[in-house]
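These are the residues of each chain, in order.
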Amino acid sequence: METSFALTGKGYVIIAADTTAARSIVKMKVDEDKIKELGTHLLMAYSGEPGDTVQFAEYVERNIRLYQIRNLYPLRPPAAASWIRRSLAQSLRSRNPYSVNLLLGGYDQAENKPNLYWIDYLGSVVEVPFAAHGYGSYFALSLLDRYHDPEAPLEEGLATLKRCLDEVAKRLVVSPSKYMVKVVDKDGVREVEI
Amino acid sequence: MARRYDSRTTIFSPEGRLYQIEYAMEAISHAGTVLGVLAKDGVVLAAEKRVTGKLLDLSGAKVRGGYGGSGEKMFLLNSNVIGGVAGITSDANSLVNYARTVAQQHLLQYNDDIPVEVLAQRLCDLKQGYTQYGGLRPFGVSILYAGYDPHYQFQLYHSDPSGNYSGWKATCIGANNGTAQSLLKQEYKDDISVEQAISLVLRVMSKTMDSPTLGSEKLEFAVLTYDETAKQPKAKIYRPSEIDALLVAEGLAKKDDDAEMKS
């Protein structure tokens, strides 16, 4: 089942999401990228109702790009999170609300620090040191409580993430087989192998 | 037929000029001076008040309430931007109202103070519209924006009736702006502090203003700094009593009588 994790560290945010595209009980695909690069220093992992997720993620992507073209500099992560939250809250009160959960991670180039936001389809947004969506969150959050260190270097952060992924593989009945992991820091976004 | 090309705002003259826009700019160079200086830890604005007089009721500005200033030239556009206006006051009021609305819309949408340049751009978009659409008069207003945002820290912008805007280290609009600008050019140094900028602004102001003495009834003054404890910009528009106190501290206050001048 769909699962995504994210955690911050010293000057970076790591976001991981499973790569399965499933329909009912059938896996349709195992290499789907569910982490969108919204800008040079902004990542968004999305999960939820298939179709809604891609539609909403592309809508967000294009609007954030538009802001950057119009205003010369990109939206900073806190502003992007607020805008996305507002879009979801408006959608929730419409006839067909988007059913999408997000993890938004970015590096704020104005203040030189990483930001991570947990956002759900009800329009909640919380800035957090680590976060998870999906069934994996039931196993991972306690591990992250124990092992997360906001000052940890990237290797330690990835090791903590690995603990979460291993725990989910061990305990969850319908655990995903593969994950995509992306990092955002002062140099921008990149994919890492785990 | 000399007036063939200046009766309407949107018609080019054969030389490719828009006369109404140029007249609007000319109107501003007769208005009260507004002066801005960018420092490394703040921005300073000063303005010359033109509407004064013994019978003018300024009790609104003098007693507590409001945020300082007498509401003629200095306005708080947003918590991170102070605007100083020169030109037709009623046009300025309308633009200030627009600027405040734009800033609050940005705050509502992004939960973040509007970047200074974005605000200046939005006002310029509006002003430019009046140079292109027929039947309307352009805004006879130039504005200095003193602001702070995390992208570029302290900034000083100027916008004119044509819809152009530019960023400055120190600039001046209104009457005698040429004199003031050449003075600023001589005296401005990079890495100037707010305290130095305040005294520079007051010095230049005292030389460019028509009246020989500075006083709170002729001057408006504002400073934007950064509050390190609250982690946010701090805009201060001075009250008349604070301006007088500042002038005393700077040694530019009006003398009590003419006794000194005679001796």
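Residues numbered from 1 in each chain as written. Chains lettered and ligands numbered in written order. Predicted model: local features only at pLDDT ≥ 70, side-chain atom pairs only at ≥ 80, totals over all residues. Heavy atoms only, no water.

Caption draft 1: Expanded view of the overall build of chain A. In terms of regular secondary structure, chain A is built from four helices and twelve strands. In terms of overall dimensions, chain A is globule-like: its C-alpha atoms have a radius of gyration of 16 Å, near the 16 Å expected for 194 residues. Relative to its 194 residues, chain A shows a buried fraction of 49%. A fraction of 60% describes how many contacts in chain A between residues 6 or more apart in sequence connect residues 24 or more apart. If you sum the accessible surface of chain A, you get close to 9700 Å²; carbon and sulfur atoms cover 49% of it. Side-chain charges of chain A comprise 24 positive and 25 negative groups, with the mean position of each set lying 4 Å from the other. (Helix = DSSP H or I, 4+ residues; strand = E, 2+ residues; numbered from the N terminus. Rg over C-alpha atoms; globule rule 2.2 N^0.38 Å. Buried < 20%, exposed > 50% of the residue type's maximum accessible area, 1.4 Å probe, protein only. Contact = heavy atoms within 4.5 Å. Areas by Shrake-Rupley, 256 points an atom, 1.4 Å probe, with all protein chains shown as cover. Lys, Arg positive; Asp, Glu negative; His and termini not counted. Charge placed at Lys NZ, Arg CZ, Asp CG, Glu CD.)

Caption draft 2: Local environment of the nonpolar core. Residues and elements named next belong to chain B. L35, V37, I198 and F221 are the most contacted members of the largest nonpolar core, which has 48 residues in total. Broken down by element, this core gets its largest block of residues, eight residues, from helix α6 (residues 194-208). With residues up to four places along the chain from it excluded, the contact list for I198 reads V44, F221, V223, Y238, L246 and E250. (Core = buried A, V, L, I, M, F, W, Y, C linked by side-chain atoms within 4.5 Å.)

Caption draft 3: Examining the sheet that holds strand β2 (residues 12-18) of chain A more closely. All names here are of chain A. Strands sit in the order β10-β1-β2-β11-β12 across an open sheet of five strands; the sheet is antiparallel. Because the sheet does not close on itself, it has two edges, and the strands there are β10 (130-134) and β12 (188-192). The mean inter-strand angle of the sheet, taken between neighbouring strand axes irrespective of direction, is 15 degrees. Judged from the seven bridges that link them, β2 and strand β11 (residues 179-185) form a sheet pairing that is antiparallel. Bridge assignment links A16 to a residue of β11, and that residue is V181. (Pairing = 2+ DSSP bridges. Axes fitted to C-alpha atoms, helices over the stretch in contact; angles between N-to-C directions.)

Caption draft 4: Region of the structure containing the confidence of the model for chain B. Residue and element names in this part refer to chain B. On average, residues of chain B score 87 in pLDDT, and 87% of them are at 70 or above. When the criterion is pLDDT under 50, residues 257-263 qualifies, and its contacts beyond four places in sequence or with other chains add up to one contact. Among the scores for the predicted complex, ipTM is 0.86 and pTM is 0.87. (pLDDT = per-residue confidence, 0-100.)

Caption draft 5: A look at the sheet that holds strand β4 (residues 81-87) of chain B. All names here are of chain B. As summarised here, the arrangement of the five strands in space is β3-β4-β5-β6-β7, forming an open sheet in which the pairing is antiparallel. Edge positions in the sheet fall to β3 (74-78) and β7 (165-167), since each of these pairs with one other strand and no more. Put simply, the sheet's adjacent strands are angled 25 degrees from each other on average, direction ignored. Two strands pair when backbone bridges link them, and β3 and β4 are joined in this way by four bridges, in the antiparallel orientation. Residue pairing for β4: M74 is matched across the bridge by G84. In the packing of helix α4 (residues 116-129) onto the sheet, contacts are made with β3, β4, β5 (141-149), β6 (153-159) and β7, and the angle to β5 comes to roughly 160 degrees.

Caption draft 6: Geometry of the pattern of salt bridges. Residues and elements named next belong to chain A. Enumeration according to the criterion identifies 22 salt bridges over all chains in this entry. The shortest N-O distance in the salt bridge between D31 and K29 comes to 3.9 Å. The residue D166 makes a salt bridge to K162 at a minimum N-O spacing of 3.1 Å. With D166 and K162 both in helix α4 (residues 154-171) and four residues apart, this pair spans about one turn of that helix. (Salt bridge = Lys/Arg side-chain N within 4 Å of Asp/Glu carboxyl O.)

Caption draft 7: Seen up close, the state of the cysteines. Residue and element names in this part refer to chain B. Counted according to the given criterion, the structure contains zero disulfides over all chains. The thiol of C124 is unpaired, and the distance to the nearest cysteine sulfur, on C172, comes to 18 Å. According to the relative accessible area criterion, C172 is buried, its value standing at 3%. (Disulfide = S-S within 2.5 Å.)

Caption draft 8: Up close: helix α5 (residues 177-187) of chain B. Residue and element names in this part refer to chain B. Among all positions in α5, only A180, L183 and L184 are buried. Across the axial projection of α5, the buried residues extend over an arc of 100 degrees, all falling on one side. Exposed and oriented more than 90 degrees from the buried face of α5 are K185 and Q186. Residues of α5 that are buried sit in contact with β1 (34-39), β8 (170-173) and α6. (Arc of directions from axis to C-beta.)

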